[in-house]
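Residue-level listing of the chains:
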Amino acid sequence: MTSAPSRKAGTLTNALTIDVEDYFQVSALAPHFPKESWNDTPCRVERNVLKILELLDRNGARGTFFTLGWIAERYPKLIRAIADQGHEVASHGYSHQRASDQTPEAFLADIQLAKAVLEDIAGCEVRGYRAPSFSVGLSNPWAHGCIETAGYTYSSSVYPVKHDHYGVPDAPRFPYAVGKGLVEIPITTVRRFGRNWPVGGGGYFRLLPYPVSAWGIRKVNQEDRRPAIFYFHPWEIDPEQPVVKEATAKTRFRHYVNLDRTEGRLVRLLQDFSWGRMDEVFLPAMSASN
């Protein structure tokens, strides 16, 4: 792997995270792609993840790949490539079901299966978990207990913002304990005008001009003196993916806005900041504080 650009020397290392799922597995498009159709739907995730690996290598960055067990079973060489290139393999569950849509028993079974599949393929311990659509919140307070029972060390499943599909606006903005052996590491926000504002990636990164995200990350690094977490999906660098015309206008806007600009913005992000794995950025500091 190439070394990081010298302009990053002396700066905080932030956590870069990739939610490895294909375009047809996105929660908002679920009505158009029932799970029984997944095996017959052409995948684009492999080519997109390989492109991401190349971008990270070229810019001296490492990251955490929160990966679906369903994807790992179909692309085991891809998962091994992620691990072999020094990135962290983490869990996004097996079948991309929202935690809030499952019973505790079904949720536990799903995340246990994903952990077992990923560890078997990657040949390393899987310590991190992220719920699809950040679906751990006030409606399912039992979820963190299941994540701890499944053997994970950390979760990154809470987004402390107000959103129509997810979010816990009053949740802590920085890592906090949610069990004897589990820590929740929320997606990055900035605090302004009495509320939290999202600057941690996803659709906001595509919708808003790049300087907004860069400003937010710098503020967290310099004023809060904390590392930031950024996330995106492989399909977000794929403007040639099929368009689901039957989806609602709101869904189409959220899913397809600025897909043709995302890769260029990611390159700027990788060059402007130092990026590492979740387990290396956060867990050593948490262990030292205990």
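Since the structure is predicted, the reported quantities are computational estimates derived from the model, not experimental observations. (Residues numbered from 1 in each chain as written. Predicted model: local features only at pLDDT ≥ 70, side-chain atom pairs only at ≥ 80, totals over all residues. Heavy atoms only, no water.)

Engineer: What's the story with the UniProt feature "domain: NodB homology" (unreviewed entry) in the protein in this structure? I'm lost.
Structural biologist: The feature "domain: NodB homology" (unreviewed entry), as given by UniProt, occupies residues 27–132 in the numbering adopted here. In this annotation, residues 27–132 is assigned 45% helix and 9% strand; the end-to-end C-alpha distance for the span is 8 Å. (UniProt positions renumbered as here; feature names shortened; annotations may be inferred. Helix = DSSP H or I, 4+ residues; strand = E, 2+ residues; numbered from the N terminus.)

Engineer: Sorry, what's going on with the nonpolar core here?
Structural biologist: In summary, soluble globular proteins display a tendency toward joint burial of nonpolar side chains. Residues F65, F230, L269 and W275 are the most contacted members of the largest nonpolar core, which totals 73 residues. Per-element accounting of this core gives the leading share, eight residues, to helix α4 (residues 104–122). The residues touching F65, leaving out its near neighbours within four places in the chain, are I18, V20, V49, I52, L53, L56, I82, H87, E88, V89 and A90. A15, Y159, I229 and M278 belong to the second-largest nonpolar core, a separate cluster that totals 16 residues. (Core = buried A, V, L, I, M, F, W, Y, C linked by side-chain atoms within 4.5 Å. Buried < 20%, exposed > 50% of the residue type's maximum accessible area, 1.4 Å probe, protein only. Contact = heavy atoms within 4.5 Å.)

Engineer: Help me understand the packing of helix α1 (residues 45–58) against helix α9 (residues 259–272), please; the structure alone is not making it clear to me.
Structural biologist: Two numbers describe a pair of packed helices, the interaxial angle and the distance between the axes. Between α1 and α9, whose axes approach to 10 Å, the crossing angle comes to 30°. One finds that α1 runs roughly parallel with respect to α9. Handedness of the α1/α9 crossing: right-handed. The segment α1 lies against α9, with K51, L55 and L56 engaging E263, V267 and L270. The residue inventory of the contact of α1 with α9, partitioned by class, reads four nonpolar, no polar and two charged. (Axes fitted to C-alpha atoms, helices over the stretch in contact; angles between N-to-C directions. Parallel < 35°, antiparallel > 145°, perpendicular 65-115°, else oblique. Left-handed = near helix turned anticlockwise from the far one by under 90°. Nonpolar A, V, L, I, M, F, W, Y, C, P; charged D, E, K, R; others polar.)

Engineer: Teacher, can you tell me more about α4 here?
Structural biologist: Every α-helix winds through 3.6 residues per turn, so residues three or four apart in the chain are directed the same way. With 19 residues, α4 ought to run about 27 Å at 1.5 Å a step, and its terminal C-alpha atoms sit 27 Å apart, in line with that. Within α4, the full set of buried residues consists of F107, L108, D110, I111, A114, K115, V117, L118, I121 and A122. Positive phi shows up at G123, right after α4, with a value of about 70°. (Expected span 1.5 Å × (residues − 1).)

Engineer: Help me out: how do you make sense of the pairing of strand β10 (residues 229–232) in this one?
Structural biologist: A regular strand places its side chains so that they alternate between the two faces of the sheet. Every second residue of β10 is oriented toward a common face, with I229 and Y231 on one face and F230 and F232 on the other, all of them buried. Here strand β1 (residues 13–20) runs beside β10; their pairing, made up of four bridges, is parallel. Residue pairing across strands places T17 opposite Y231, the latter belonging to β10. (Pairing = 2+ DSSP bridges.)

Engineer: What exactly am I supposed to notice about the packing of aromatic side chains here?
Structural biologist: Ring pairs (aromatic) are described by centroid distance and by the angle formed between their planes. A full pass over the atoms with the stated rule returns 18 aromatic pairs. Seen from their ring centres, F134 and Y159 are 5.3 Å apart, and the 70° between their planes marks the pair as edge-to-face. In this pair, F134 is assigned in the loop between β4 (128–129) and α5 (143–149) and Y159 in the loop between β5 (154–155) and β6 (176–177), connecting sequence segments 25 residues apart. Classification of Y159 by relative accessible area gives buried; the value is 0%. Above the ring of Y152, the side-chain terminus of K115 is found at 5.8 Å from the ring centroid. (Phe/Tyr/Trp six-rings, centres within 6.5 Å; stacked < 30°, edge-to-face > 60°. Lys NZ or Arg CZ within 6 Å of the ring centre and 35° of its normal.)

Engineer: Even after reading the chapter, I still don't get the pattern of salt bridges, so can you show me in this structure?
Structural biologist: Side chains bearing opposite charge may pair, as long as their charged atoms lie close to each other. Summed over all chains, the structure comprises 12 salt bridges. The residue R173 makes a salt bridge to D224 at a minimum N-O spacing of 3.3 Å. Taken together, the residues span a long stretch of sequence, with R173 in the loop between β5 and β6 and D224 in the loop between α7 (210–222) and β10 at a distance of 51 residues. By relative accessible area, which is 16% here, R173 ends up buried. Each of R62, R277, D279 and E280 takes part in a single network of salt bridges with overlapping partners. (Salt bridge = Lys/Arg side-chain N within 4 Å of Asp/Glu carboxyl O.)

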